[in-house]
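Below are the chains, spelled out letter by letter.
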Amino acid sequence: QVQLVESGGGLVQPGGSLTLSCAASGSIDRVNLMGWYCQAPGKGRELVATITRTGTTNYADSVKGRFTISRDNAKNTWYLQMNSLKPEDTTVYYCYARTGSVTYFANWGQGTQVTVSS
């Protein structure tokens, strides 16, 4: 089991930047994919960005060129650098860690609110 703790959310003006952090503990050696999802009220969780242990990244089309995911394996932490933020980026962001091989398991953080507003 993997425990995830997010930090870094908050209120920012349009065009501003925020960095989200996700600190992982527990069965870290079983994590093979790390990332961020978001969930707006009344909707399911949607992919924002993921990164593998070797650094391969994947982004939602809506954030390409604005958001950057990175990880520090030594610190068991990954980050989401969010630039050029838009009001439509306002939502709750969840840290995600996938474990398992034949069968995958999803581990989630508690969520952190990002609000983009003037």
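Here goes a summary of the coordinates provided.

Criteria and thresholds
- Residues numbered from 1 in each chain as written.
- Predicted model: local features only at pLDDT ≥ 70, side-chain atom pairs only at ≥ 80, totals over all residues.
- Heavy atoms only, no water.
- Helix = DSSP H or I, 4+ residues; strand = E, 2+ residues; numbered from the N terminus.
- Buried < 20%, exposed > 50% of the residue type's maximum accessible area, 1.4 Å probe, protein only.
- Polar contact = N/O pair within 3.5 Å; in protein donor to acceptor, adjacent residues only side chain to side chain.
- Contact = heavy atoms within 4.5 Å.
- Pairing = 2+ DSSP bridges.
- Axes fitted to C-alpha atoms, helices over the stretch in contact; angles between N-to-C directions.
- Phe/Tyr/Trp six-rings, centres within 6.5 Å; stacked < 30°, edge-to-face > 60°.
- Lys NZ or Arg CZ within 6 Å of the ring centre and 35° of its normal.
- Disulfide = S-S within 2.5 Å.

**Some remarks on the side chain of T112**
- Looking at the element boundaries, T112 is found in strand β11 (residues 112-116).
- Note on T112: relative accessible area 11%, which makes it buried.
- Within polar-contact distance, the side chain of T112 engages the backbone nitrogen of G9 at 3.4 Å.
- Apart from residues no more than four positions distant in its own chain, T112 is found in contact with E6, G9, L20, T91, V92 and Y93.

**As for the sheet that holds strand β7 (residues 67-72)**
- Spatial ordering of the open sheet is given by β1-β3-β8-β7, a layout of four strands whose pairing is antiparallel. The open sheet has two edge strands, β1 (2-7) and β7, and neither has a second partner. Across the sheet, the mean angle from the axis of one strand to that of its neighbour is 20 degrees, orientation sign disregarded.
- Where strand β3 (residues 18-26) meets strand β8 (residues 77-82), six bridges bridge the pair, whose relative direction is antiparallel. The residue of β8 that forms the bridge with C22 is W78.

**Here's the deal with the packing of aromatic side chains**
- What the rule picks out here adds up to three aromatic pairs.
- A centroid spacing of 5.2 Å and a plane angle of 85 degrees characterise the contact between Y37 and W108, whose relative ring orientation is edge-to-face. Here the residue Y37 occupies a position in strand β4 (residues 31-39), and W108 occupies one in strand β10 (residues 104-108), the gap between them amounting to 71 residues.
- For Y37, a relative accessible area of 18% gives the class buried.
- A network of ring pairs unites the aromatic residues Y37, Y96 and W108 as a single cluster.
- Residue placement shows R45 over the ring face of Y94; its charged tip is 3.7 Å from the ring centre.
- Over the aromatic face of W108 sits the side chain of R45, whose NZ or CZ is 4.5 Å from the ring centroid.

**Looking at the state of the cysteines**
- In the structure shown here, the tally under the stated rule is one disulfide.
- Between the sulfur atoms of C22 and its disulfide partner C95 the distance amounts to 1.7 Å. The sign of the S-S torsion, about -80 degrees, decides the handedness of the disulfide formed by C22 and C95: left-handed. Here the residue C22 occupies a position in strand β3, and C95 occupies one in strand β9 (residues 91-100), the gap between them amounting to 73 residues. Each member of the pair, C22 together with C95, is buried.
- Here C38 stays free of any disulfide, with the sulfur of C95 as its closest cysteine sulfur at 14 Å.

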